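Commentary on secondary and tertiary structure
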There are 2 protein chains.
Amino acid sequence: MSETPAAETPRLVRDASESEILDRILPRYAAAATAEVGPGDDAAVMRQQGERYVVTTDMMIHGPDFRWAWHTPFELGWKAAVTNLADVYAMGARPTGLVVAIAATADLPLTALEELADGLSAACAELAPGCAVVGGDLSVSDTFTLAITAFGDLEDRAAVLRSGARPGDVIALAGDAGRAAHGLDLLFAEGVDAQGTPDAAATAALRAREPELIAAQLAPRPPLPAGIDAARAGATAMMDVSDGLALDASRIARASGVSLNLFSGAFTAEPNLERAIRGGEDHALLATFPAGAALPAPFRAIGVVGEGSGVLCDGVPLDGKLGWDPYTAWDGQRG
Amino acid sequence: MSETPAAETPRLVRDASESEILDRILPRYAAAATAEVGPGDDAAVMRQQGERYVVTTDMMIHGPDFRWAWHTPFELGWKAAVTNLADVYAMGARPTGLVVAIAATADLPLTALEELADGLSAACAELAPGCAVVGGDLSVSDTFTLAITAFGDLEDRAAVLRSGARPGDVIALAGDAGRAAHGLDLLFAEGVDAQGTPDAAATAALRAREPELIAAQLAPRPPLPAGIDAARAGATAMMDVSDGLALDASRIARASGVSLNLFSGAFTAEPNLERAIRGGEDHALLATFPAGAALPAPFRAIGVVGEGSGVLCDGVPLDGKLGWDPYTAWDGQRG
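Conventions adopted
Residues numbered from 1 in each chain as written. Chains lettered and ligands numbered in written order. Predicted model: local features only at pLDDT ≥ 70, side-chain atom pairs only at ≥ 80, totals over all residues. Heavy atoms only, no water. Phe/Tyr/Trp six-rings, centres within 6.5 Å; stacked < 30°, edge-to-face > 60°. Helix = DSSP H or I, 4+ residues; strand = E, 2+ residues; numbered from the N terminus. Buried < 20%, exposed > 50% of the residue type's maximum accessible area, 1.4 Å probe, protein only. Lys NZ or Arg CZ within 6 Å of the ring centre and 35° of its normal. Contact = heavy atoms within 4.5 Å. Salt bridge = Lys/Arg side-chain N within 4 Å of Asp/Glu carboxyl O. Polar contact = N/O pair within 3.5 Å; in protein donor to acceptor, adjacent residues only side chain to side chain. Nonpolar A, V, L, I, M, F, W, Y, C, P; charged D, E, K, R; others polar. Pairing = 2+ DSSP bridges. pLDDT = per-residue confidence, 0-100. 1 Å grid on protein atoms, 1.4 Å probe; cavity = no way out; pocket = protein on both sides within 12 Å on 5 of 7 lines; lining within 4 Å. Points joined across faces, edges and corners; volume = space filled by probe spheres on them. UniProt positions renumbered as here; feature names shortened; annotations may be inferred. Least-squares fit on C-alpha atoms with pLDDT ≥ 70 in both. Axes fitted to C-alpha atoms, helices over the stretch in contact; angles between N-to-C directions. Left-handed = near helix turned anticlockwise from the far one by under 90°.

Quick word on the packing of aromatic side chains
Centre distance and the angle of the planes are the two values used to describe a pair of aromatic rings. Under the counting rule described, the total for this entry stands at 13 aromatic pairs over all chains. Note on A:Trp68 and A:Phe144: the rings are 5.0 Å apart at their centroids and 75° apart in plane angle, and the pair reads as edge-to-face. Placement of the pair is A:Trp68 in the loop between strand 3 (52-61) and helix 2 (73-89) and A:Phe144 in the loop between strand 5 (132-140) and strand 6 (145-153), with a sequence separation of 76 residues. By relative accessible area, A:Trp68 is classed as partly exposed at 26%. Each ring, one from A:Trp70 and one from A:Phe188, has its centre 5.0 Å from the other, and the planes form 90°; the classification is edge-to-face. Here A:Trp70 is found in the loop between strand 3 and helix 2, whereas its partner A:Phe188 is found in helix 4 (residues 179-190), with 118 residues between them in sequence. Of the residues examined, A:Trp70 reaches a relative accessible area of 5% and is grouped as buried. Ring pairs connect the aromatic residues A:Tyr53, A:Phe151, B:Tyr53 and B:Phe151, which therefore count as one cluster. In this structure, A:Arg67 packs its charged tip against the face of A:Trp70, placed 5.6 Å from the ring centre.

Okay, structure coming up:
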């Protein structure tokens with residue numbers, strides 16, 4: 001026996017066969033409660049309770065959506081699950097399964113794929129019990145890409161669309177407003193090296209100082225199951241806040257043919273009103289309820305629906321950039 | 001009026017907002033027969049006939065899976081639809097919808113995304129009537145990536161898994177064996193420039209000379225609806241041939257705990273037995289049926305299931321590389 005163990009070279013994606021990678025990843029996924037066939041066949045088989053299910057898809061791409069210097073693989077898996085589960089809950093449905101397509105770079109350690117799988121599983125366990133990864137695809141790419149599709153059972157509830165808000169409805173929010181954006185601002189300001197490139201060492205120091213705000217950006221924990229409570233309570237419209245509260249509110253306004261008037265007083269606990277209203281990625285649930293409806297916890301009233309169109313704050317139309325558009329807002333040179 | 005129209009600069013992904021791109025793409029998708037809510041909300045809402053549905057996901061990545069110098073955008077959309085529809089049919093299910101995540105490079109003309117949408121729609125219309133794109137995600141990436149998830153209704157049939165083949169069953173194939181691989185060999189040999197890089201001009205000449213073989217690779221047209229007929233006829237196992245007939249047969253053999261013995265005489269119409277047995281991407285349906293079962297058209301018998309394990313040809317175990325493993329077979333420098 002040698003006194004100092006030989007440094008083990010980590011196995012990389014390029015060293016492994018697809019079946020070896022699957023053997024390492026698949027045991028990390030729980031069995032989904034309603035999956036009769038999980039990973040390993042041509043497709044997963046899902047048992048359905050109600051007559052309707054919902055389906056949504058969302059990608060995480062290295063560069064515009066995440067950076068390895070910032071996100072741990074576990075956090076990436078967690079966040080990717082959250083963004084998809086949020087869309088299922090925002091319809092009033094109960095998430096039942098995810099399929100996960102991963103295009104990994106050849107130089108990625110296999111442990112990163114294992115930790116990513118752990119993050120997916122942990123988010124499902126905490127935010128959507130019974131839901132798990134039921135299938136996927138593995139490939140190689142020069143750009144790490146994660147594409148998740150989530151589905152869920154409406155359990156005979158009506159889907160809560162963006163188009164049902166009516167003048168007089170109360171606007172309510174379950175979850176944070178602006179904390180994920182605050183974390184992102186900190187990362188761009190301090191989680192970078194002197195050239196502005198995302199940097200793991202700088203990020204470690206920032207995490208130690210601002211763990212909650214950084215976690216709000218890298219691994220958000222919105223109260224998603226409240227989406228089902230909202231549907232049961234008669235929510236007239238709902239969506240999750242991914243691109244910014246004002247921008248997403250404008251989508252409900254347009255789909256419903258109404259205006260949404262936000263009250264600044266609802267955001268006094270936030271240090272920065274602009275960030276609360278225009279910041280994205282909190283994946284809070286934004287819903288409208290009939291006037292007088294009891295709001296299910298943790299929804300809180302943040303405004304009122306009116307006639308007209310667009311988004312207002314304290315009665316004044318919001319202008320300028322309402323939030324994040326991935327096609328025009330991303331600068332590949334930034335970071 | 002000028003005599004010569006000014007050359008119009010094509011609009012690129014980087015010039016457009018997400019909403020402009022959606023406005024150009026979404027009208028190109030038909031309405032899915034069982035979608036109550038299609039693109040535009042947080043998730044699509046699908047109405048289910050039987051108690052079970054199937055879900056599968058598959059990516060197309062620039063480099064390992066396709067090259068713009070070879071594939072037109074229409075063909076890329078077509079092929080991506082086919083690879084996913086094949087997995088749904090291979091379970092014995094009827095495809096009902098697709099969600100489509102696109103990560104486009106900033107320099108891509110918007111017309112390419114329109115033609116890609118047309119290819120997706122055309123493949124659904126021809127191979128899976130009633131099925132259409134019901135949702136998606138748009139993003140930007142340095143590597144063009146298309147991630148599709150397809151789902152389908154089992155309509156109260158039992159799913160046909162890989163694990164049900166029994167000794168004595170007949171092995172049958174619906175579709176081509178080796179033609180897609182033949183097309184790929186031609187593309188690597190002649191659809192390239194002097195340095196071996198995929199080249200559009202060389203490919204155009206090759207297409208003119210070998211239109212059918214090139215189409216077999218770039219836009220395969222397997223007889224997928226036969227998957228439902230196979231399920232009704234009592235198929236004991238089924239999958240689509242994506243990575244190679246022998247490699248995929250070995251997966252049925254392993255899952256079922258049997259051996260699969262292919263008959264070379266079944267492939268005399270193919271110019272090259274090796275390519276027929278080891279070539280992938282035809283997306284033909286490979287199924288096993290009880291001895292004596294009437295094979296639904298166009299399935300043809302190609303072998304017999306036996307005791308033991310592995311894949312044989314005329315009783316001799318096949319060795320060496322049975323097909324394509326994306327993690328070990330792809331050389332990023334090739335082409």
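Looking at the interface of chain B and chain A
The partner chain A presents 64 residues to the 64 residues of chain B that form the contact. Between the two partners, chain B and chain A, sit six salt bridges. When the shortest N-O distance is used, the salt bridge between B:Arg162 and A:Asp42 registers 3.2 Å. Where chain B meets chain A, there are 20 residue pairs in polar contact (both at pLDDT 80 or more). Of the residues in the side of chain B that touches chain A, the class split is 35 nonpolar, 13 polar and 16 charged. One ladder, built from four bridges, connects strand 3 of chain A with strand 2 (residues 44-47) of chain B; its direction is antiparallel. In the sheet register, A:Tyr53 faces strand 2 of chain B, and the bridge partner there is B:Met46.

Side note on the confidence of the model for chain A
Of the residues in chain A, 93% reach a pLDDT of 70 or more, and the chain-wide mean stands at 93. Under a pLDDT of 50 for its full length, residues 326-335 of chain A has, in the predicted model, 31 contacts with residues more than four places off or in other chains.

Here's the deal with empty space enclosed by the protein
All names here are of chain A. The tally for this structure, following the rule as stated, stands at one cavity of 30 Å³ or more. As for the largest cavity, its lining consists of Leu173, Asp176, Ala177, Gly178, Val241, Leu245, Ala276, Gly279, Asp282 and Ala284. Class assignment for the residues of the lining of the largest cavity results in six nonpolar, two polar and two charged.

Considering the UniProt feature "binding site: Mg(2+) 1" (unreviewed entry) in chain A
In this numbering, the UniProt entry assigns the feature "binding site: Mg(2+) 1" (unreviewed entry) to A:Thr57, A:Asp58 and A:Asp137. Note on A:Thr57: relative accessible area 5%, which makes it buried. Apart from residues no more than four positions distant in its own chain, A:Thr57 is found in contact with A:Asn84, A:Ile148, A:Thr149, B:Val99, B:Val100, B:Ala101, B:Gly136 and B:Asp137. One polar contact links the side chain of A:Thr57 to the main-chain carbonyl oxygen of A:Ile148, over a distance of 3.0 Å. Those residues in contact with A:Asp58 that lie beyond four places of it in its chain are A:Thr83, A:Asn84, A:Leu146, A:Ala147, A:Ile148 and B:Asp137. At a separation of 3.4 Å, a polar atom in the side chain of A:Asp58 contacts the side chain of A:Thr83.

Considering the relation of the copies chain B and chain A
The transform that puts chain B on chain A rotates by 180° and translates by 0.0 Å along the axis, for an RMSD of 0.0 Å. Viewed as a symmetry operation, the transformation between the two copies matches a two-fold axis.

Concerning the sheet that holds strand 1 (residues 35-37) of chain A
Strand order in the open sheet formed by six strands is 1(A)-2(A)-3(B)-6(B)-4(B)-5(B), and the pairing between neighbours is mixed. Two strands close off the open sheet at either side, each with one partner strand: strand 1 of chain A together with strand 5 (132-140) of chain B. In this sheet, neighbouring strand axes are inclined to one another by 25° on average, regardless of whether the strands run parallel or antiparallel. Strands in contact with helix 3 (residues 110-127) of chain B are strand 4 (94-104), strand 5 and strand 6 (145-153) of chain B; relative to strand 4 of chain B, the strand with the most contacts, it is inclined by about 165°.

A few points about the packing of helix 2 (residues 73-89) of chain B against helix 3 of chain B
Axis angle and axis distance: for two packed helices, these are the angle between their axes and the distance between the axes, and together they describe the pair. Residues and elements named next belong to chain B. Where helix 2 meets helix 3, the closest approach of the two axes is 7 Å, and the angle between their N-to-C directions is 35°. The crossing of helix 2 and helix 3 is right-handed. Contacts between helix 2 and helix 3 involve Pro73, Phe74, Leu76, Gly77, Trp78, Ala81, Val82, Leu85 and Tyr89 from the former and Ala112, Glu115, Leu116, Asp118, Gly119, Leu120, Ala122, Ala123, Cys124, Glu126 and Leu127 from the latter. Split into classes, the residues belonging to the contact of helix 2 with helix 3 amount to 15 nonpolar, two polar and three charged.

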